[in-house]
Amino acid sequence: MTLKEKIQDKKFIITSEIGPPKGIDLTGVFSELNFLNQKVDAINITESQSSVMRLGSLAVSIALKQKGYEPIYQLICRDRNRIALQSDILSAALFGIENILVLTGDHPKLGDHPSAKPVFDVDSVQLLNIVKTLEKGVDMEGNKLEGPAPKFCIGAVVNPFCDPIEPEIIKMEKKIACGAQFFQTQGIFDLRRFEVFMKKISHIKTIILGGIILIKSSKMADYMNKNIPGIFVPEELIKRMNQAKDKHAECVRIASETIQQIRSMVAGIHIMPLGWSRFIPEILAKSEL
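Because the structure is a prediction, the values reported are computed rather than measured.

Asker: Teacher, can you tell me more about the packing of aromatic side chains here?
Answerer: When we look at a pair of aromatic rings, we describe it by the centre distance and by the angle of the planes. Within this structure, the stated rule accounts for two aromatic pairs. Centre to centre, the rings of Trp 276 and Phe 279 are 5.2 Å apart; their planes meet at 70°, and the pair counts as edge-to-face. By relative accessible area, which is 10% here, Phe 279 ends up buried. Directly above the ring of Phe 30 sits Lys 67, whose terminal nitrogen or CZ lies 6.0 Å from the centroid. Arg 263 extends its terminal NZ or CZ atom over the ring of Phe 12, reaching a point 5.5 Å from the ring centre.

Asker: Where do I start with unusual backbone geometry in this structure?
Answerer: Note on backbone geometry: most residues besides glycine have negative phi, and most peptide bonds are trans. The amide bond that connects Asp 163 to the next residue, Pro 164, takes the cis arrangement and shows omega of 5°. Positive phi outside glycine occurs at Leu 274, with the angle close to 55°. Looking at where Leu 274 falls in the secondary structure, it is placed in the loop between strand E8 (268-272) and helix H11 (280-286).

Asker: Help me out: how do you make sense of the pattern of salt bridges in this one?
Answerer: A side chain with one charge may pair with a side chain of the opposite charge, provided their charged atoms come close. Counted under the stated rule, the structure contains 13 salt bridges. A salt bridge links Glu 166 to Lys 200; the shortest N-O distance between them is 3.7 Å. You can see Glu 166 sitting in helix H6 (residues 166-177) and its partner Lys 200 sitting in helix H7 (residues 191-200), a full 34 residues away along the chain. The exposure class assigned to Glu 166 is partly exposed, which follows from its relative accessible area of 41%. We classify Lys 200 as partly exposed; its relative accessible area is 38%. The salt bridge involving Lys 199 is made with Glu 195; its shortest N-O contact spans 4.0 Å. Here Lys 199 and its partner Glu 195 are both found in helix H7, four residues apart, which amounts to about one turn of the helix. Of the residues examined, Glu 195 reaches a relative accessible area of 37% and is grouped as partly exposed. Several salt bridges share partner residues, and in doing so they unite Arg 240, Glu 250, Arg 253 and Glu 257 into one network.

Thresholds, definitions, all that
- Residues numbered from 1 in each chain as written.
- Predicted model: local features only at pLDDT ≥ 70, side-chain atom pairs only at ≥ 80, totals over all residues.
- Heavy atoms only, no water.
- Phe/Tyr/Trp six-rings, centres within 6.5 Å; stacked < 30°, edge-to-face > 60°.
- Buried < 20%, exposed > 50% of the residue type's maximum accessible area, 1.4 Å probe, protein only.
- Lys NZ or Arg CZ within 6 Å of the ring centre and 35° of its normal.
- Helix = DSSP H or I, 4+ residues; strand = E, 2+ residues; numbered from the N terminus.
- Salt bridge = Lys/Arg side-chain N within 4 Å of Asp/Glu carboxyl O.

Here it is as structure tokens:
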């Protein structure tokens, strides 16, 4: 079954993600995939995450598709204008890529090419609308496409921890109106605030995949608190990681506990392993998924 079919069947969805290499050797990617095979429903291929130049998401998505995996092609606004974005969407369809996750993208100044000029010709809401328009058989200027129109399962992102949260909810509703069929959230650590967010969007009918970031160390948690908007790792979790003799085991415990606590509130989870895909089978087993 495809991701779209599983969503339609109201299956509890499990997705994860892999970052392409800074080069053309996919050995590491397929090594990580060995831990995800038959464990997750689809796999995000990140697109130059944190504005660090890497092999493209589309190329790696195609490589995974050809090996029988279910990739989610990440499409970002940062690097391309509307012509290039539409071209890449059609290219994805040509190679059978059915899942697209639309994001704004981090500013280049945060990455390894800080002098690069950002494009941001369109924002994430407009880009979602572009995908939806192409599905109707025309480009965003109304010019007819040749042959059959592409069809996608379209995803977007939402940050439940924005303050104030109301503008984020309004943007979320706009994304749904423009074709978003599922949402992956920012990493969840503050369970109380996440529960408040879910109550605030109870009137919205969509698929929410709760974000699970694997905490590798207390230092990593401190860094996220200081540098990543919308993430707050409570002091209790930082203390647990700091005192843990086995960091790997504690990371697994925290992730599985979080999944168990949010499971009844969401339609699925999205695990961001940050290179620790090898722990995902154990996390899912401890979470009884």
